[in-house]
Each structure stands twice: as C-alpha cells, then as structure tokens.
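# A look at the structure
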Amino acid sequence: KNEVEQSPQNLTAQEGEFITINCSYSVGISALHWLQQHPGGGIVSLFMLSSGKKKHGRLIATINIQEKHSSLHITASHPRDSAVYICAVNVVDSNYQLIWGAGTKLIIKP
Amino acid sequence: DVKVTQSSRYLVKRTGEKVFLECVQDMDHENMFWYRQDPGLGLRLIYFSYDVKMKEKGDIPEGYSVSREKKERFSLILESASTNQTSMYLCASSLSFGPPSGANVLTFGAGSRLTVL
C-alpha cells in the first residue's frame, strides 16, 4: 500500500464545475504540499499546509491531521486548470524526506 | 522569482553513453534535488545536496552520481546510460530544511526528458 494515495487518478469535468481531488496518507507528517504539473513537465508548488485551510484565487486546500486526509478544491473550473495535481508529504522528524502521490490527471472540457 | 534552469529539455542517447544533466538555480538556495518521474510511479528522489560538495542518496541512486562544485549548480551523471533510465528528470531547489515554512517549498525546473536507445 502506498503511503500517499490520491483519488481519483483521472478526472474529466465540464468547465465551471467544482472539482475535488483527495489525498490520504498513512505516515506522520509535518507538512503536506499540493503541486501542479502542466503538460510539458514543469511543476509548480500551489500550497504547503500543516493545518487548516489555505486559499489562493479559485484554489482551496484543506487538511485534516486527525484523519490524515487533504483535499484540493477548484471552484469555477476552467480548461486552463487541466493539469496533473500532485500531493506530497514531509515526513515528520526527517529534514528532507518527501513522499509523493502518483498524481491526479484533471481535464476540464470547454 | 526563483528560477531553476535545466540545460536540456530533450536528449536522446545510446546505451553505454555517459550523460550529464545540468541544473542551475539563481536564488542562493541551500538544497538541490534530482528526481525521476515515470508514469504511474510519482516522483522518486535520486540524490539531493544540502551544501556545496555535500550529497545524500535518495531512494533510487543506483546507476547515477551527482556533483555540486558550486552552490548554484547541481549535475546528475549517468556513467553508462541504460534503456531503463529513459525517463523525465526533474531538478528542484529549496531555501533550507527545518520546520515547515516557505523555506521548504520546492522550486522545480522544466524537466529533461531523456531517451536511451
């Protein structure tokens, strides 16, 4: 069993829909990251969370430490949101160890 | 903005060739990382460096070596490329380690897609 699991693996939605991507983890963490990767390779960090909720534009990330679960929400989705969204966790008591989810491929159709 | 530049976006090499992948960051970050990304597997850490001339093995160091002679530059070396090293290679940097903060956030390069024939 992977220590960081994302769901769904693939998601196709219509423009304007509310999107939720989930990340569950089984290890103790000090922080959780959400990142975005567009076709062509480059990865951009969206959020780093250790508790609660963060919002940036139409993106919202939440984390429930007790349940070891995080969600990334996209409101009013747009075709330019089409990308792979990746969850990664900083393992507690490790300076550098990040465990990565396999990613969720999101396609938003116009 | 921090910029991480990878020297080659696409490379095609033959089995047995020595391959150098170069990565340069321009914001005085302490830490630099080399990851490999394969479909369905997520990112896997090959090596990282927390200071000049310092390096640590990641999860999959076999078949790779690294060099960090200057703070801004971190090179990944495939001594004798093999077909199973065909992959996307991603370089990243972060300001520092320590308690979670903006300093831990990774900045990635655009990636280098290597094909070994």
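Let us look at the structure shown here. A quick note: this is a predicted structure, and the numbers were derived from the prediction, not measured.

Quick notes on the rules
Residues numbered from 1 in each chain as written. Chains lettered and ligands numbered in written order. Predicted model: local features only at pLDDT ≥ 70, side-chain atom pairs only at ≥ 80, totals over all residues. Heavy atoms only, no water. Helix = DSSP H or I, 4+ residues; strand = E, 2+ residues; numbered from the N terminus. Rg over C-alpha atoms; globule rule 2.2 N^0.38 Å. Contact = heavy atoms within 4.5 Å. Lys, Arg positive; Asp, Glu negative; His and termini not counted. Charge placed at Lys NZ, Arg CZ, Asp CG, Glu CD. Buried area = accessible area lost by both parts, 1.4 Å probe. Salt bridge = Lys/Arg side-chain N within 4 Å of Asp/Glu carboxyl O. Polar contact = N/O pair within 3.5 Å; in protein donor to acceptor, adjacent residues only side chain to side chain. Nonpolar A, V, L, I, M, F, W, Y, C, P; charged D, E, K, R; others polar. Disulfide = S-S within 2.5 Å. Buried < 20%, exposed > 50% of the residue type's maximum accessible area, 1.4 Å probe, protein only. Pairing = 2+ DSSP bridges. Core = buried A, V, L, I, M, F, W, Y, C linked by side-chain atoms within 4.5 Å. Axes fitted to C-alpha atoms, helices over the stretch in contact; angles between N-to-C directions.

### Concerning the overall build of chain A
The helix and strand inventory of chain A stands at 0 helices and 11 strands. Secondary structure elements of chain A, listed N to C terminal, follow the sequence β-β-β-β-β-β-β-β-β-β-β. The C-alpha radius of gyration computed for chain A amounts to 13 Å, which stays within 12% of the reference 13 Å derived for 110 residues, consistent with globular compactness. Along the first, second and third principal axes, the C-alpha atoms of chain A reach 45 × 30 × 25 Å. A sequence separation of at least 24 residues applies to 54% of the contacts in chain A between residues at least 6 apart. Distance from the positive charge centre (9 side chains) to the negative charge centre (7 side chains) of chain A: 6 Å.

### Here's the deal with the interface of chain B and chain A
Contact with chain B, which involves 22 residues of that partner, is made by 18 residues of chain A. Here chain B and chain A share an interface that buries about 1500 Å² over both sides, 68% of which is from carbon and sulfur atoms. Remark: the boundary between chain B and chain A carries 0 salt bridges. Linking chain B with chain A are 1 residue pair in polar contact (both at pLDDT 80 or more). Broken down by secondary-structure element, the contributors of at least two residues to the side of chain B that touches chain A are strand E4 (31-38), strand E5 (42-51) and strand E9 (87-94) of chain B. Element by element, the count of residues in the side of chain B that touches chain A is highest for E5 of chain B, at 4 residues. Here the residues of the side of chain B that touches chain A sort into 12 nonpolar, 8 polar and 2 charged.

### Concerning the state of the cysteines
Residues and elements named next belong to chain A. Throughout the structure, instances matching the rule amount to 2 disulfides over all chains. A sulfur-sulfur separation of 1.9 Å characterises the disulfide bridge that pairs Cys-23 with Cys-87. Taking the torsion about the S-S bond as the criterion, the Cys-23 to Cys-87 disulfide, at about -60 degrees, is left-handed. With Cys-23 in strand E3 (residues 19-25) and Cys-87 in strand E9 (residues 83-91), this residue pair connects regions lying 64 residues apart in the sequence.

### Details of the pairing of strand E1 (residues 4-7) of chain A
Residue and element names in this part refer to chain A. Residues Val-4 and Gln-6 point to one face of E1 and are all buried, whereas Glu-5 and Ser-7, pointing to the other face, are not buried. The pairing of E1 with E3 spans 4 bridges and is classified as antiparallel. Each residue of the ladder has a partner; that of Gln-6, found in E3, is Cys-23.

### Brief notes about the pattern of salt bridges
One side chain can pair with another of opposite charge once the charged atoms of both are near each other. All told, the structure shown has 8 salt bridges over all chains when counted by the stated rule. For Asp-81 of chain A, the salt bridge is made with Arg-58 of chain A, and the minimal N-O distance between the two is 2.9 Å. With Asp-81 of chain A in the loop between strand E8 (69-74) and E9 and Arg-58 of chain A in the loop between strand E6 (52-56) and strand E7 (59-64), this pair connects stretches of sequence that are 23 residues apart. Among the residues examined, Arg-58 of chain A registers a relative accessible area of 26% and is labelled partly exposed. Residue Glu-69 of chain B is joined to Lys-53 of chain B by a salt bridge in which the shortest nitrogen-to-oxygen separation is 2.5 Å.

### Description of the nonpolar core
Leu-32, Trp-34 and Val-89 of chain A are the most contacted members of the largest nonpolar core, which totals 25 residues. Contributions of two or more residues to this core are made by E3, strand E4 (29-37), strand E5 (43-49), E7, E8, E9 and strand E11 (104-109) of chain A. For this core, the element with the most residues is E9 of chain A, which contributes 5 residues. Those residues in contact with Leu-32 of chain A that lie beyond four places of it in its chain are Cys-23, Tyr-25, Phe-47, Met-48, Leu-49, Ile-63, Ser-70, Cys-87, Ala-88 and Val-89 of chain A. Counting residues in each nonpolar core, the second largest holds 20 residues, with Val-19, Cys-23, Ile-46 and Leu-114 of chain B among its members.

### Some thoughts on the sheet that holds E3 of chain A
All names here are of chain A. Strand order in this open sheet of 5 strands is E1-E3-E8-E7-E6, and the pairing throughout is antiparallel. Both edges of this open sheet fall to E1 and E6, since each of them pairs with a single strand only. Taken over all neighbouring pairs, the strand axes of this sheet differ in orientation by 15 degrees on average, direction set aside. Both E7 and E8 contribute to a ladder of 6 bridges, which runs antiparallel. When the bridges of E8 are listed, Asn-64 appears paired with His-69.

### A few points about the side chain of Gln-85 of chain B
Tracing the sequence through the fold places Gln-85 of chain B in the loop between strand E8 (73-78) and E9. On the basis of relative accessible area, Gln-85 of chain B is assigned to the buried category, the value being 4%.

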